[in-house]
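These are the residues of each chain, in order.
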Amino acid sequence: QVQLVESGGGLVQAGGSLRLSCAASGRTLSSYTMAWFRQAPGKEREFVAAINWSGERTRYVDSVKGRFTISRDNAKSTVYLQMSSLKPEDTAIYYCAARSVPLFIPTTTRPYDYWGQGTQVTVSS
């Protein structure tokens, strides 16, 4: 079993920055594909960014390209999402997810095996 705990959310003005962290316990994350999803009120959970086990490959949803950066520190079993130039439409609960199969970097929720409880990000205009 893997337990994921997100942190770093909060209230920020448009144009500001936040860094989310996802700390894992139970197993090392070094072989897992990791991702961030988000869910705004009344909307479905959507893919934001993902990173493969080594950190060499990443994927992003078009709306965050150039503004968000996903990274990982396998020694600390932690994944990060650096968010810059935040917009009000980035407001959502952000979830960390882990996929035990290292191949591919899925952008849908179903392939991910473990989820955190989420952290709220609110961007004011």
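Up top is the structure.
No experiment lies behind these values; they were computed from the predicted model shown.

About the criteria used
Residues numbered from 1 in each chain as written. Predicted model: local features only at pLDDT ≥ 70, side-chain atom pairs only at ≥ 80, totals over all residues. Heavy atoms only, no water. Salt bridge = Lys/Arg side-chain N within 4 Å of Asp/Glu carboxyl O. Pairing = 2+ DSSP bridges. Helix = DSSP H or I, 4+ residues; strand = E, 2+ residues; numbered from the N terminus. Axes fitted to C-alpha atoms, helices over the stretch in contact; angles between N-to-C directions. Disulfide = S-S within 2.5 Å.

1. As for the pattern of salt bridges
- One pass over the structure, following the stated rule, counts four salt bridges.
- One salt bridge connects Glu-46 with Arg-38, and the closest N-O pair in it is separated by 2.6 Å.
- Note that Asp-62 is salt-bridged to Lys-65, the shortest N-O span being 3.0 Å.
- Within the structure, one salt-bridge network assembled from shared partners comprises Arg-38, Glu-46, Arg-67 and Asp-90.

2. What to know about the sheet that holds strand S1 (residues 3–7)
- Pairing is antiparallel across the open sheet formed by four strands, whose spatial order is S1-S3-S8-S7. The open sheet has two edge strands with one neighbour each: S1 and strand S7 (68–73). When the angles between neighbouring strand axes are averaged without regard to direction, this sheet yields 15 degrees.
- Where strand S3 (residues 18–25) meets strand S8 (residues 78–83), six bridges bridge the pair, whose relative direction is antiparallel. From the neighbouring strand, Ser-21 faces S8, where its bridge partner is Tyr-80.

3. Structural notes on the state of the cysteines
- Taken as a whole, this structure holds one disulfide when the rule is applied.
- Note that Cys-22 is cross-linked by a disulfide to Cys-96, the S-S spacing being 2.1 Å. Every disulfide takes its handedness from the sign of the S-S torsion; for Cys-22 and Cys-96 that torsion is -80 degrees, giving left-handed. Of this pair, Cys-22 sits in strand S3 while Cys-96 sits in strand S9 (residues 92–99); the two residues are 74 residues apart in sequence, bridging distant segments of the chain.

That is the geometry; function is a separate question.
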